[in-house]
Amino acid sequence: MNENMNERFALAADAADPCDRAGFLIPPAPSGQAPYPETAYFAGNSLGLQPRNAAEAVRAELDEWAGRAVEGWFTAERPWARYPGLLRADAAALTGALPEEVVVMNSLTINLHLMMATFYRPAVDRTRIVIEDTAFPSDAYAVAGQASWHGLDPAATVVRLAAGDVPAYLAEHGHRVALVLLGGINYLTGELLDIPGITAAGHAAGCVVGWDLAHAAGNVPLRLHDWNVDFAVWCSYKYLNGGPGAPGGCFVHRAHLDDPSLPRLAGWWGTDERVRFEMRPELDHVASADAWQVSTPPILGLAALRVSLAAMAGTGITALRARSLRLTGYLESLLGPLSGPVELITPAAPARRGAQLSIRVTGGDAAALAERLHLRHAVLADVRRPDVIRFAPAPMYSTYHDCWRAATALATELNRDDLLHPSTL
Ligand SMILES: Cc1ncc(COP(=O)(O)O)c(C=O)c1O
């Protein structure tokens, strides 16, 4: 262990580099065994913690519902009919988009299908969809579903590649590729891909390029507009702290917004909001990502997300990333010297990763190890079976002391000779 493996060092770092931890509800430690009352939470890459003001924001809309009922669509303090627009500026700021390029709606995989309904247009000799070999399963299912929907054989249509092999594949076979769809940050390894570089390589080959930003939104700075990304989707329950099942986000580049003839799975929420309730038989096109909205938005979910996005945009993604680099770098410095049956599989270069560090448990049971970290030490990281444990210090609320607790808990458990025999748990 190195000299940073010292509780006083961690506490001093927290005093020097604070965050608004008080703005979040930190889960209590699960048992009386841990010396600390709060969980050291590292699963913000799966479900971010609850902002302290989320309940009040939801309560306000419940009160509007109680007090105004249907009138709330137009007369509430924040009229529900225009509620999604309240989140637009902050979502755009966090993703480097023009306001009209962003809409908050649905959840990620639904948005992915809506985007592919427009942007996956297989032609006779250009049908392929490129994804990563370690793509999140839902993305793999979605692209296979799209291939089938178009009457194509998914096995012959979907090409799964290591992310590093994508540019070379596009240079050689790009003329056969209709869509490149990659995760901006890989959910398993935490690797941050070269989003502008791969987007440019896809465009050079004539492909549409879309991104799944589930692990990137609110984690790293993005410049989706400047990078000429065609479309992107993300969820809001991870680093954006919007709550379980929070409405996700969708980006469509300005270059695609003026074309009413683009095919889409339309619905009345995609018509011009100024005439939506005139019940016109034809849809009135709007030159914004709103055009991809389909149906009535979930106001209670949007309410919690609204205050969370506002807090994050208020801090700013640049400041968040700067603290994230320091925090994750500190955790890495503590985990690096760990011995035993574990290896760090996240890229070492800070520019090639976000907040998350993933360790592969090579000689033991990852799920059993994660369970011990939780039950014995109140350190909550998550497992991606079969053998990866993910630690994500989220810069909005995670502390250096959390990192110190994770590393000391791991060191303790890895030094126990029963790790390879989880039945002794
Ligand atoms: C990388 C990635 N893509 C897609 C999804 C699926 O998101 P949703 O359930 O909101 O469709 C997740 C969920 O965790 C994810 O991590």
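Just so we're clear, the structure is a prediction, and the values are computed from it rather than from any experiment. (Residues numbered from 1 in each chain as written. Predicted model: local features only at pLDDT ≥ 70, side-chain atom pairs only at ≥ 80, totals over all residues. Heavy atoms only, no water.)

**Q** Pulling in residues and values, what's your account of the confidence of the model for the protein chain?
**A** Summing up the model confidence of the protein chain, the mean pLDDT is 94 and the portion of residues at 70 or higher is 96%. Between residues 418–425, whose pLDDT stays under 50, and residues either more than four places distant or in other chains, the model counts 19 contacts. (pLDDT = per-residue confidence, 0-100. Contact = heavy atoms within 4.5 Å.)

**Q** Describe the packing of helix H5 (residues 108–119) against helix H6 (residues 137–149), listing the residues and the values that go with them.
**A** Between two packed helices, the angle of one axis relative to the other and the distance separating the axes together describe the packing. Axis separation between H5 and H6 bottoms out at 10 Å; the angle between their running directions is 30 degrees. By the angle between their axes, H5 is roughly parallel relative to H6. Note that H5 runs across H6; the crossing there is right-handed. Facing H5, whose interface residues are Leu 108, Thr 109, Leu 112, His 113, Met 116 and Ala 117, H6 presents Ser 138, Asp 139, Ala 142, Val 143 and Gln 146. Among the residues making up the contact of H5 with H6, the classes are represented as six nonpolar, four polar and one charged. (Axes fitted to C-alpha atoms, helices over the stretch in contact; angles between N-to-C directions. Helix = DSSP H or I, 4+ residues; strand = E, 2+ residues; numbered from the N terminus. Parallel < 35°, antiparallel > 145°, perpendicular 65-115°, else oblique. Left-handed = near helix turned anticlockwise from the far one by under 90°. Nonpolar A, V, L, I, M, F, W, Y, C, P; charged D, E, K, R; others polar.)

**Q** Residues and numbers for the pattern of salt bridges, please.
**A** Scanning all chains against the criterion turns up 22 salt bridges. For Glu 191, the salt bridge goes to Arg 352, with nearest N and O atoms at 2.7 Å. Separated by 161 residues along the polypeptide, Glu 191 in the loop between strand E7 (177–183) and helix H9 (195–204) and Arg 352 in the loop between strand E11 (342–344) and strand E12 (357–361) bring together distant segments of the chain. For Glu 191, a relative accessible area of 22% gives the class partly exposed. For Arg 376, the salt bridge goes to Glu 413, with nearest N and O atoms at 2.9 Å. (Salt bridge = Lys/Arg side-chain N within 4 Å of Asp/Glu carboxyl O. Buried < 20%, exposed > 50% of the residue type's maximum accessible area, 1.4 Å probe, protein only.)

**Q** Run through unusual backbone geometry, naming residues and quoting values.
**A** Among all residues save glycine, negative phi is the norm, and among peptide bonds the norm is trans. Cis geometry is found at the peptide bond from Arg 385 to Pro 386, where omega equals 10 degrees. Structurally, Pro 386 can be placed in the loop between strand E14 (382–384) and strand E15 (388–391). At Ala 378, a residue that is not glycine, the phi angle is positive and equals roughly 55 degrees. Note that Ala 378 resides in the loop between helix H12 (366–377) and strand E13 (379–380). A relative accessible area of 1% places Ala 378 in the buried class.

**Q** With reference to specific residues and values, describe a nonpolar patch on the surface.
**A** A surface patch of nonpolar side chains, about 430 Å² in accessible area, is lined by Phe 74, Trp 268, Phe 277 and Met 279. If you trace the backbone, Phe 277 turns up in the loop between strand E10 (248–252) and helix H10 (299–315). (Patch = residues over 30% accessible without salt bridge, like charges linked within 9 Å, V, L, I, M, F, W, Y side chains within 5 Å. Areas by Shrake-Rupley, 256 points an atom, 1.4 Å probe, with all protein chains shown as cover.)

**Q** Which residues make up the domain arrangement of the protein chain, and what are the values?
**A** Partitioning the protein chain into structural domains gives domain 1 (7–38 + 316–424) and domain 2 (55–314). A straight line from the C-alpha centre of domain 1 to that of domain 2 covers 30 Å. Together domain 1 and domain 2 conceal approximately 1,700 Å² of surface at their shared face, both sides included; 58% is due to carbon and sulfur atoms. Contact with domain 2 buries area across many residues of domain 1, yet Ile 317, Gln 356 and Met 396 alone supply 29% of it, more than any other trio. Counting every contact that joins domain 1 to domain 2 gives one salt bridge. Elements represented by at least two residues in the side of domain 1 that touches domain 2 include exactly helix H11 (317–335) and E15. The leading source of residues in the side of domain 1 that touches domain 2 is H11, at four residues. (Domains from an automatic or database assignment. Buried area = accessible area lost by both parts, 1.4 Å probe.)

**Q** Got a sec to walk through the site of the ligand? Specific residues and values, please.
**A** As a matter of local geometry, the ligand sits amid Ser 107, Leu 108, Thr 109, Phe 136, Asp 139, Asp 212, Ala 214, His 215, Tyr 237 and Lys 238. In this structure, an oxygen atom belonging to the ligand sits 2.7 Å away from a side-chain N or O atom of Tyr 237. Surface burial for the ligand is 82%, taken as the share of its 400 Å² of free accessible area covered by protein chains. For the ligand, the cavity whose grid points lie within 2 Å of the majority of its atoms is the largest pocket. The residue inventory of the shell around the ligand, partitioned by class, reads four nonpolar, three polar and three charged. (Near = heavy atom within 4 Å. Polar contact = N/O pair within 3.5 Å; in protein donor to acceptor, adjacent residues only side chain to side chain. 1 Å grid on protein atoms, 1.4 Å probe; cavity = no way out; pocket = protein on both sides within 12 Å on 5 of 7 lines; lining within 4 Å. Sits in = over half its atoms within 2 Å of the grid points.)

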